[in-house]
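Residue strings, one per chain:
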Amino acid sequence: MSFSSMFPMNFIEGQQWLGILPLFCMTLTAIATLLLSALRHQGRAVAFAMLLIGSIAAVASTVVFPFQDTIVILDGVLVFDRLSQVFSAICVLAGLAAALMTLGFDEREELQPEYFTLIAFAVVGMVAMVSTRNLVFFFISLELMSLAVYVLVSMHRQSPMAAEAGLKYFLLGGAASAVLLYGASILYGATGSLDVTGIREAFQSQWNGHLPLLPLVGLGLFSVGFLFKIGAFPFHVWIPDVYTGAATPVTGFMISAVKAAATGALLRMCLELFVGPVSTEPTLVVIISAITVATLLFGSFVGVRQTRLKRIFAYSTIVHTGYVLLGFLALLGGGEGAKDAASSIVSYTIFYVVMNLGAFAVLTMISPKDNDDLTLDQLTGLGRRRPMLAFAMSVFLLSMAGIPPTAGFFGKYYLFSAALSSGYVWLTIVAALASVVSAVIYLRPMVYMYMKESEESFQVVPAIWLGSNIIVVLSLFLTVMMGLLPAWFSNLL
Amino acid sequence: MSQILSWIVLLPALTGLLILLLPKSLEAKSRQIAVIATLIVAALALWAAQAFDVNAADPLHFHIRTEWIPMLGIHYDLALDGMNLPLVLLTVLLTPLAFIGTWNQTSGDSTMQKRMSALVLIMETGALGTFLAQDLFLFYIFWEVILLPAYLLIGMYGGAERMKTTLQFFLYTFAGSILMLVGIAWLVHMQSQTTGHPDASFQALMNLKIPFASSQGPAGLFSTQGLLFAAFAAAFFIKAPLVPFHAWLPSTYRQAPTLVSIYLAAILSKMGTYGILKILIPMFPEAAHSFQPVLMSLAAFGIVYGALLAIVQTNFKTAVAYSSLSHVSYILLGLFSLKAEGMGGALLQMVNHGIAIAGLFMISGFLEKRRGSLELKDFGGWAPQTPVLATGFMVIVLSTVALPGSGGFVGEFAILIASFRVNGYITAVAATGMVLGAVYMLNLYQKTMFGRYVDDYVKKVADLDFREIFVLVVLGIFIVGIGITPQPFVAPSRTAIEDSAKRVSPNDALPERQAVPGQVSR
C-alpha cells in the first residue's frame, strides 16, 4: 500500500512531501511520546529516545534536501524554502539540546515523560510558525508553541516561583496573542486577505505603499505579538521572572528555541510584507528605532545590577533582542543592504542560540541540588574548582559580549555592518555604546569565577552530566570555530 | 620562510595555549617554556629584520595575503614594513626581558606562573599581530586579543583594588575599540560602494576619498571623515593615552603585577600611537589637519600635566605611571605635528619610551620585591648597599630625561623641532616638560638611592642577581646604542612616513637640510 493511498491528501504531491518532512517527523514524535506517557508512567528514557530519533530525522531532512526554490502548499498556508529549513533546524536542535540537558537534571527532579512531549509539541509549533504566510495558521502555530511552553515553565514543581512564573507568562502571553489576533483581524478587514502575499498586494494596489491609519494600526497590533515573544522593550516585563522561575533547561529552551522561532517568523513576515515604500514609512521607522534604542539601553543598564545568574541571562537576552532589531531596521531599508541584513539576522540567531545553549548547559551542571536559582556569589572560585566548566562559561560569556575571536563578535559585526549600509549611523553608535555597558553584565560572572577569593565552597553535585557535557563541548567548538572561520559557516547557509 | 610572519605572530599564542594545557607536574616549567618560545620568536624577528631591504621597490616584506572572510573583503594579511619594523623588534625584545626581569616576583604557586606566562604570551601575539597586520579588520582582531588577557591578569594577580581597576581598564579600552569597530564597518562599506567589491586592506582604504566639511569647528567633526576620525581616535587615544582619556591609567599601572605593567606601558600604549601613525593620520588627513591645534594643545598639556603629577606622587609606581603619561604625550605631540621629522621622531621615541619605561617598571619591581612596599617614605640610602641597582637605575633615568647620548634625546629633539615649525607657543609649553621630567626622575632617584635610610632594613637589602643585571645590561645597550646610531631604527620607516606627511600637508615640502637628525639622506 503506497503512502499516498494511506493518507489521501491529494493536495500534497511529489516533492512537496520533502518540504513537509520536518513538520511531519516532529508531529509524529510528539504524538508518539504523548501516547507513551499515557501508557507507561516511567518512560522517560524511551520518550527521550523517540525525541532524539524524531529530531535527527527532522534535521536530516533539511540537510539532505536543501531547497533552492520555494515550495508552497495550500496557497501559502505552508511555505518551505531555505529560510524555513534553517530556522526549523535551529529550533529542532535547540529542543533536542534542552532535552539532553535534562538527562542529569532528572536526578534532582522528577520531570515526567510529558516533558519530552511538550518539547516536541512546542517544536512542531515553531516549525509551523517559520513556514507559513497565513495569518490564522501563524496564530495557531504560535499558540501551539506557547501553550506547550506555558506548561513547561510550570512543570518545575520544586520551585515555588515556577507556578507564579507560569501564570504570569500565561496571562501576559495570552494578552499578547489576543492583541496579535486582533491586529490580524484588522488587517483582514482592511485588505480582505489573510495571506501575507495578498496583504502586500493590497498595500501596493490600494494605497500605493502609503498606508492609512487602519492597516497601520493592524500592523502595529500584529507586531506586538512578535515583540512580546522576542522580548523588545515595552513588552519585556515577563522575561526576568519567567526565566528565573522555570527549570534551568526550560529557560535554556526558551532563550534559544522560542526566541529563534519568533525571530525567524518575524524575518519571514518582514521579507514578505514590507517591500517598497511601506517599509520606509517614517512613522514605522521612528517607532522601531525608538523600540530598538529603549531595548538596548534598558537591557544593558538594568542587567548590570543583577546578582542572580538566570536574571543576568534574562537581561542579556533583552540586549540581544535590541541588536536583532537593529538588523530588522536595516532590513526595512530595502535595496542591496536588505539582503545582507537578512543574512546577518540569520547568522546572528544561529550564533546566539549556540552560545546560550552552551551557557545554560554549564548552568545546569553547576547548580546545587536543592535550588537552581544560582547567585553570583555561588560562582566564587569556580575557576579553581571546575576549571574546564569555568573556561567554557567564560568563552560563552565573551561571545555574548562580542569579543573576538568568538561567534558573537562576528554576529554583532554583521549586524552593525548591515545597519551602517542602510544608513543608521547614529543608531549603530548607540548600539555599540550599549554593548560596552552590557559587557559589564558578562564580565561580572568572570570576576566571581576567577578573581574573588572563596571563603566557603558550596557543594557541586557529582552527577554524570553526559547530555550537558555534549552540549557544552559542541557549543564551545562551534562558538570558537564560527569565530575563527565565519566564512565557512556562512557558506553552509 | 614565506610564512615567517605567521610563525612570529602565532607561535607565542600557540605556546600559551600549550602551557595552559600543561599537567600539574609540569606547571613549574611553564616560565622556562615561555622564555624559550619568546626567544625563538625574537630570533625569527631578528632574522626577518636583517633581511629587510630599505631600498626595495615593494615596501611590504614577507607579505602573506590569504582570503579569510571573502564576503566582507577581509584578508589574513601580514607584512613587515618600515613603520612596524621598530615596534616588532621592540616587542620581541622586551617580552623575554620582561619574563626574565620579573622572574623572582612571579614565584607564587605554579598555577599562577602557568596562567601568567600563558596570558602574557597571548598578549605578545596580539601586539605583534596588531603591528604586522595590513588589513584593517585583522588589525582590529589582534587589537582585541590583548584586551582579555590583560583584564584577567590584572584581575587575578593585581593589587588590592584589582577588581575595580581591571573592570575600569576593560571598559575604557572596550569603549574605544567598539567605536573603532563601527568605524571599520563604515569604512569597508564605503570602500565597497566605491569600487563594487569590499576590501579591508590598508592599501585599498588609503585610496578612499572621504568627504570632509573643510570649515573649522563642529561642522568638520560631524562630517563623514570627522566622525570616522573620532571613531578611530577614540580607540587610539584611550590606548595611548592622550589626556583627557587617561583616567584608567594610573590605577591600572599601579595595580597590575610588574610583568603586566611593563607590558601595558612599554608595548600596549605603542599600539595606540602606532594606530595614529599608521591609520588615523594617513587615512583621515583633512580631519587630522583640521583638528591639529586642539590635538597638539592636548598633547602639550599632557606632557606638563603628567610631569607635575609625577612630581607630587608619594608612591614609586604611580610616579612612574604619570611619567609614562608625560612621555607618551611627547610621542603624540610628534605625531600631531604632521611633519615627517616629527612623526619619524615619534616612531623612534616609541621605541625609546618602550625600553625606558620597561626599565623603570622593572626597577619598581626590584624595589618592591626587596622592600615589600613602594611608598617613597619607606625608601632612602640604597646606593651604598646596592651599587649595581643604583647604576642600572641611573642609566634608565638618564634615558628618561633625554640626556644627549641616550636614545631619548634624539627622539624628543626631533619632535620638538617639528612641533616648533607648527606652533612655537605650544612647543614652549611642551619643552618645559623636559625640565619637569628631570625634576621628577631625579627626585625619585634621590628619594630611593640617596638620602638617609628610614630604618635598618637597608643593611639586609641584597643587590641585583644575575638575571636582573642581565636585563638591565641589555636595556642599557639599547639605550646607548640608539642614542649614538639611531639610523637603523629610523631609516626603514623614512619613505612611509614621508608619504604620510605628504598626504596630510601636500604643500609642505621638507627641506633637505632639516631632515631628521641622524638620517642618511638618499
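About the criteria used
- Residues numbered from 1 in each chain as written.
- Chains lettered and ligands numbered in written order.
- Predicted model: local features only at pLDDT ≥ 70, side-chain atom pairs only at ≥ 80, totals over all residues.
- Heavy atoms only, no water.
- Helix = DSSP H or I, 4+ residues; strand = E, 2+ residues; numbered from the N terminus.
- Buried < 20%, exposed > 50% of the residue type's maximum accessible area, 1.4 Å probe, protein only.
- Contact = heavy atoms within 4.5 Å.
- Lys, Arg positive; Asp, Glu negative; His and termini not counted.
- Charge placed at Lys NZ, Arg CZ, Asp CG, Glu CD.
- Areas by Shrake-Rupley, 256 points an atom, 1.4 Å probe, with all protein chains shown as cover.
- Buried area = accessible area lost by both parts, 1.4 Å probe.
- Salt bridge = Lys/Arg side-chain N within 4 Å of Asp/Glu carboxyl O.
- Polar contact = N/O pair within 3.5 Å; in protein donor to acceptor, adjacent residues only side chain to side chain.
- Nonpolar A, V, L, I, M, F, W, Y, C, P; charged D, E, K, R; others polar.
- Core = buried A, V, L, I, M, F, W, Y, C linked by side-chain atoms within 4.5 Å.
- Expected span 1.5 Å × (residues − 1).
- 1 Å grid on protein atoms, 1.4 Å probe; cavity = no way out; pocket = protein on both sides within 12 Å on 5 of 7 lines; lining within 4 Å.
- Points joined across faces, edges and corners; volume = space filled by probe spheres on them.
- pLDDT = per-residue confidence, 0-100.
- Phe/Tyr/Trp six-rings, centres within 6.5 Å; stacked < 30°, edge-to-face > 60°.

Student: Before we go on, may I ask you to explain the overall build of chain B in this structure?
Tutor: A count of helices and strands for chain B gives 21 helices and 2 strands. Based on the C-alpha atoms only, the size of chain B along its principal axes is roughly 70 × 55 × 45 Å. Put simply, chain B has 522 residues, and 65% of those count as buried. Taking as baseline every contact in chain B between residues at least 6 positions apart, the subset at least 24 positions apart corresponds to 80%. Across chain B, the 30 positively charged side chains and the 27 negatively charged ones have centroids separated by 7 Å.

Student: Help me out: how do you make sense of the overall build of chain A in this one?
Tutor: Helix and strand content of chain A: 20 helices and 2 strands. Buried residues in chain A amount to 64% of all 493 residues. Summarising the internal contacts of chain A: among those between residues at least 6 apart in sequence, 80% fall at separations of at least 24. Accessible area of chain A: about 17700 Å², with a carbon and sulfur share of 68%.

Student: Any chance you could explain the interface of chain A and chain B here in plain terms?
Tutor: Interface size is commonly expressed as the accessible area that is lost once the parts come together. Contact residues are listed per partner, giving 36 residues for chain A and 34 residues for chain B. Of the roughly 3200 Å² buried at the junction of chain A and chain B (both faces included), carbon and sulfur atoms supply 84%. On the surface where chain A and chain B come into contact, there are 0 salt bridges. Here chain A is connected to chain B by 5 residue pairs in polar contact (both at pLDDT 80 or more). Among the secondary structure elements, those contributing two or more residues to the side of chain A that touches chain B are α16 (387-401), α17 (407-421), α18 (425-451), α19 (466-484) and α20 (486-492) of chain A. The element best represented in the side of chain A that touches chain B is α18 of chain A, accounting for 15 residues. A per-class count over the side of chain A that touches chain B returns 27 nonpolar, 7 polar and 2 charged.

Student: Help me out: how do you make sense of the pattern of salt bridges in this one?
Tutor: A side chain with one charge may pair with a side chain of the opposite charge, provided their charged atoms come close. Considering all chains together, one arrives at 15 salt bridges over all chains under this definition. One salt bridge connects K168 of chain A with D241 of chain A, and the closest N-O pair in it is separated by 2.5 Å. In this pair, K168 of chain A is assigned in helix α7 (residues 160-191) and D241 of chain A in helix α10 (residues 238-245), connecting sequence segments 73 residues apart. Note that R65 of chain B and D199 of chain B form a salt bridge whose closest N and O atoms lie 3.5 Å from each other.

Student: Sorry if this is basic, but what is going on with the nonpolar core here?
Tutor: Buried together is how nonpolar side chains tend to be arranged in soluble globular proteins. Of all hydrophobic cores here, the largest spans 383 residues; its most connected members are F137, F232 and F236 of chain B. Tallying contributions element by element places helix α14 (residues 336-366) of chain A first for this core, with 20 residues. Beyond its immediate sequence surroundings of up to four residues, F137 of chain B is in contact with F409, F410 and Y413 of chain A together with W68, I69, I74, L181, I184 and A200 of chain B.

Student: I would appreciate a short explanation of helix α3 (residues 84-101) of chain B in the present structure.
Tutor: Every α-helix carries 3.6 residues per turn, so stepping three or four residues along brings you back to the same face. For α3 of chain B, which comprises 18 residues, the first-to-last C-alpha distance of 25 Å matches the rise-based estimate of 26 Å (1.5 Å per residue) to within 8%. Counting buried residues in α3 of chain B gives 18 out of 18 residues, a clear majority hidden from the surface.

Student: What exactly am I supposed to notice about empty space enclosed by the protein here?
Tutor: Over the atoms rolls a probe the size of a water molecule, and its path tells where empty space is left. Counted according to the given criterion, the structure contains 5 cavities of 30 Å³ or more. Size it by volume and the largest cavity reaches roughly 110 Å³. Sorting the residues of the lining of the largest cavity by element identifies α11 (248-273), α13 (309-332) and α14 of chain A as the ones contributing at least two each. Of the residues belonging to the lining of the largest cavity, the class tally is 7 nonpolar, 4 polar and 1 charged. One number sums up the size of the second largest cavity: a volume of about 90 Å³. Lining the second largest cavity are S323, H327, Q349, N352, H353, A356, I357, L360, S399, T400, G408 and E412 of chain B. Those elements that place two or more of their residues in the lining of the second largest cavity are α14 (316-336), α15 (340-371), α16 (387-400) and α17 (407-422) of chain B. In terms of residue count, α15 of chain B provides more of the lining of the second largest cavity than any other element does, 6 residues in total. When its residues are assigned to classes, the lining of the second largest cavity shows 3 nonpolar, 8 polar and 1 charged.

Student: Could you clarify how one ought to interpret the confidence of the model for chain A in this entry?
Tutor: One rule of thumb: low pLDDT means the predicted coordinates there are not for detailed reading. Taken residue by residue, chain A gives an average pLDDT of 84. The fraction at 70 or more is 89%. Ranking the elements of chain A by mean pLDDT puts helix α1 (residues 3-6) of chain A last with 50 and helix α6 (residues 135-154) of chain A first with 92.

Student: Just to check I follow, could you spell out the packing of aromatic side chains for this structure?
Tutor: The geometry of an aromatic ring pair comes down to the distance between the two centres and the angle between the two planes. Within this structure, the stated rule accounts for 47 aromatic pairs over all chains. Both rings, one in Y323 of chain A and one in F416 of chain A, keep their centres 6.3 Å apart while their planes meet at 70 degrees; by these two values the pair is edge-to-face. Pair noted here: Y323 of chain A is in helix α13 and F416 of chain A is in helix α17, with a separation of 93 residues, a long-range link. For the pair formed by Y323 of chain A and F416 of chain A, the shared burial category is buried. Ring geometry for F237 of chain B versus F245 of chain B: centroids 6.1 Å apart, planes at 40 degrees, classification tilted. Three or more aromatic residues link up through ring pairs in this structure, and these residues are F409, F410, Y413 and Y414 of chain A together with W68, F137 and Y140 of chain B.

Student: How should the side chain of T102 of chain A be read in this particular structure?
Tutor: Note on placement: T102 of chain A falls in helix α4 (residues 82-105). At a separation of 2.4 Å, a polar atom in the side chain of T102 of chain A contacts the main-chain carbonyl oxygen of A99 of chain A.

Student: I would appreciate a short explanation of the side chain of T386 of chain B in the present structure.
Tutor: Residue and element names in this part refer to chain B. In this fold, T386 is placed in the loop between α15 and α16. Among the residues examined, T386 registers a relative accessible area of 0% and is labelled buried. Other than its neighbours up to four places away in sequence, T386 contacts M449, V461, A462 and D463.

Student: So what exactly am I meant to see when it comes to α17 of chain B here?
Tutor: Taking 1.5 Å of rise per residue, the 16 residues of α17 of chain B would be expected to cover 22 Å, and the 24 Å separating its terminal C-alpha atoms lies within 8% of that figure. Of all the positions in α17 of chain B, only G407, G408, V410, G411, E412, A414, I415, L416, A418 and S419 of chain B are classed as buried.

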